[in-house]
Amino acid sequence: MKAAYLGPKASFSHQAALEIFRDTTIQVEALPTFADIFEGVQSSQHQYGVVPFENSSNGSVVQLLDLLADRQMKYNDVKVCAEHYLPVHHQLLVRLSGQDAWRPSGLEEALTHVKKFYTHPQAWGQCSAFLSRNDCKHIVRQDSSSTSEAARVVSENEAGTCAAIASNLAAEEYGLVRLADSIEDKGDNTTRFFIVAKADISVPKSALQNGIGSSRIYKSLVSFTIDHDSPGTLADALSIFKMHHFNLTSINTRPSRLRPWHYIFFAECEQKHHQHQADAITNLISDLENVAMSCRNLGSWEDQLMPV
Ligand SMILES: O=C(O)C(=O)Cc1ccccc1
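A quick note: this is a predicted structure, and the numbers were derived from the prediction, not measured.

1. As for the site of the ligand
For step 1, the next point in the chain: The full set close to the ligand counts 13 residues, and S11, S13, H120, S146 and T147 are the nearest of them.
For step 2, the next point in the chain: Broken down by secondary-structure element, the contributors of at least two residues to the shell around the ligand are α1 (12–20), α5 (121–126) and α7 (147–154).
For step 3, the next point in the chain: A breakdown of the residues in the shell around the ligand according to their chemical character gives five nonpolar, eight polar and no charged.

As C-alpha cells, then:
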C-alpha cells in the first residue's frame with residue numbers, strides 16, 4: 001500500500017506522513033502537487049494521501065478547499081478518513097558551502113546579502129512578523145510548490161543570495177545552514193493534515209494520535225451550494241445540522257465558479273460517537289438535499305485534538 005505526500009522529501013507533509021504511517025508497511029511517496037495526490041487516490045495508485053487542510057495561525061489552505069470543491073467531479077471517491085496535528089517551526093536557510101563561501105557574521109549582515117526568499121505560500125502568512133522586519137522588506141518573495149522544494153532550489157544557489165523558509169529536516173536533507181530559528185509568528189504554530197482515501201479503505205491504527213476510540217468525538221465535512229436569491233436559505237441549510245444534533249464547528253467558502261458571487265460552503269461538524277455514526281451523516285445529507293442545490297459528504301473521522 002502507498003501513501004502520497006507533497007514532495008520533495010523533507011516537506012512538512014512528509015513529516016506528517018512519516019508520523020501517520022510509522023510502524024506500518026505502507027510506503028510514503030512524494031508527488032509534486034496536491035492535485036496529483038487527489039488523482040493518485042482517485043485512481044487507486046495510492047491508497048492514502050496526506051494533505052494540509054488548515055493552520056492554527058494562517059487559516060485554511062485554499063488549494064485544498066478547491067480540490068475538495070471538485071468542481072469538475074474528478075475526485076468523486078476521495079474522502080477525508082482521518083486528521084493529524086503537526087507542530088510547525090520554520091527556519092530561514094541558506095547555502096554556505098565551498099571554500100570561497102561567503103560567511104555572514106550574523107543575521108543582519110546575511111539579510112543585506114540575500115536578494116530572494118523562497119517558500120510555500122502557506123509559510124509567508126505564518127512568518128509575517130519576521131518578514132515585516134525593515135531589513136527583510138527589500139527581499140523579493142518567490143512562491144515554491146513546497147517548503148522542501150524551496151530548500152532544494154536554494155541548495156543550488158552557490159552565491160548564497162537566495163534563502164528558503166523550511167524545516168530543520170529540509171536543512172539537513174539539502175545541506176543548508178540556519179540564519180534564523182523558529183521564525184513563525186506563534187510558538188504553538190500547528191498544521192492540521194487530512195488523510196484522504198477512498199471510502200472502503202480503513203485507517204491504520206498508527207494514524208490515530210490519541211489512541212483508538214479515545215476521543216469518541218467524530219468530525220464530518222460536508223460541502224453544499226444553495227440558491228442565494230431567497231432569504232433564509234443558508235439559515236435553513238445550517239439548521240439541518242442542529243436538527244440532526246451535529247455541532248457546527250467551522251464554515252469555509254470558495255467561489256462556485258457557476259456565476260460570480262455564488263459560493264460552495266464547507267461545513268465541518270462534530271458529534272459524540274454513537275452506534276449509527278455512518279447513518280447519522282447519511283440522514284443529515286438526505287435532509288440537506290431538500291434545501292441545497294447540491295451537497296456532498298466529504299467524510300467522517302475521529303477527532304485527534306489533544307485535550308488541553
Ligand atoms: O510545503 C510544505 O512543506 C508542506 O507540506 C505544505 C505546508 C507548508 C507550510 C506549513 C505546513 C504545510
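2. A word on the domain arrangement of the protein chain
For step 1, the next point in the chain: Each assigned domain of the protein chain is listed here: domain 1 (91–180) and domain 2 (215–303).
For step 2, the next point in the chain: Distance from the C-alpha centre of domain 1 to the C-alpha centre of domain 2: 41 Å.

3. Quick look at the packing of helix α9 (residues 233–243) against helix α10 (residues 277–291)
For step 1, the next point in the chain: Look at α9 against α10: their axes get within 10 Å of each other, and the N-to-C directions meet at 165°. Considered as vectors, α9 and α10 are oriented roughly antiparallel to each other. α9 and α10 meet at a crossing whose hand is right-handed. Residues T233, D236, A237, I240, F241 and M243 of α9 pack against L284, D287, L288 and V291 of α10.
For step 2, the next point in the chain: Here the residues of the contact of α9 with α10 sort into seven nonpolar, one polar and two charged.

4. Quick look at the environment of M243
For step 1, the next point in the chain: Mapped onto the elements, M243 comes out in helix α9.
For step 2, the next point in the chain: Using a count of 11 C-beta atoms within 10 Å as the deciding quantity, one classes M243 as exposed.
For step 3, the next point in the chain: Taking the C-alpha atoms as reference points, M243 and D287, separated by 44 residues in sequence, lie 9.7 Å from one another.

5. Concerning the pairing of strand β11 (residues 190–198)
For step 1, the next point in the chain: Relative to β11, strand β3 (residues 48–55) is paired through seven bridges, and the arrangement is antiparallel. Bridge pairing in β11 links Y48 to A197.
For step 2, the next point in the chain: Of the strand pairs in this sheet, strand β5 (residues 78–87) and β11 are connected by nine bridges, and their pairing is antiparallel. Each bridged residue has a counterpart across the sheet, and for A82 the counterpart in β11 is I195.

6. Regarding the nonpolar core
A general trend in soluble globular proteins is that nonpolar side chains are found buried together.
For step 1, the next point in the chain: Membership of the largest hydrophobic core comes to 56 residues, with the highest contact counts inside it found for V50, V51, I195 and V196.
For step 2, the next point in the chain: When neighbours within four sequence positions are excluded, V50 is seen to be in contact with A3, Y5, S13, A16, A17, I20, F193 and I195.
For step 3, the next point in the chain: Ranked by size, the runner-up nonpolar core spans 26 residues in total, among them L92, V114, V154 and L179.

7. Observations regarding the packing of helix α2 (residues 34–42) against helix α3 (residues 62–69)
For step 1, the next point in the chain: Where α2 meets α3, the closest approach of the two axes is 10 Å, and the angle between their N-to-C directions is 35°. Along this stretch, α2 crosses α3, giving a crossing that reads as right-handed. Facing F34, A35 and F38 of α2, the residues of α3 in contact are Q63, L64 and L67.
For step 2, the next point in the chain: Of the residues assigned to the contact of α2 with α3, the class counts are five nonpolar, one polar and no charged.

Here is what the cut-offs are and how they apply
- Residues numbered from 1 in each chain as written.
- Predicted model: local features only at pLDDT ≥ 70, side-chain atom pairs only at ≥ 80, totals over all residues.
- Near = placed C-beta within 6 Å.
- Helix = DSSP H or I, 4+ residues; strand = E, 2+ residues; numbered from the N terminus.
- Nonpolar A, V, L, I, M, F, W, Y, C, P; charged D, E, K, R; others polar.
- Domains from an automatic or database assignment.
- Axes fitted to C-alpha atoms, helices over the stretch in contact; angles between N-to-C directions.
- Parallel < 35°, antiparallel > 145°, perpendicular 65-115°, else oblique.
- Left-handed = near helix turned anticlockwise from the far one by under 90°.
- Contact = placed C-beta atoms within 7 Å.
- Buried ≥ 20, exposed ≤ 12 C-beta atoms within 10 Å, placed from the backbone.
- Pairing = 2+ DSSP bridges.
- Core = buried A, V, L, I, M, F, W, Y, C linked by C-beta atoms within 7 Å.

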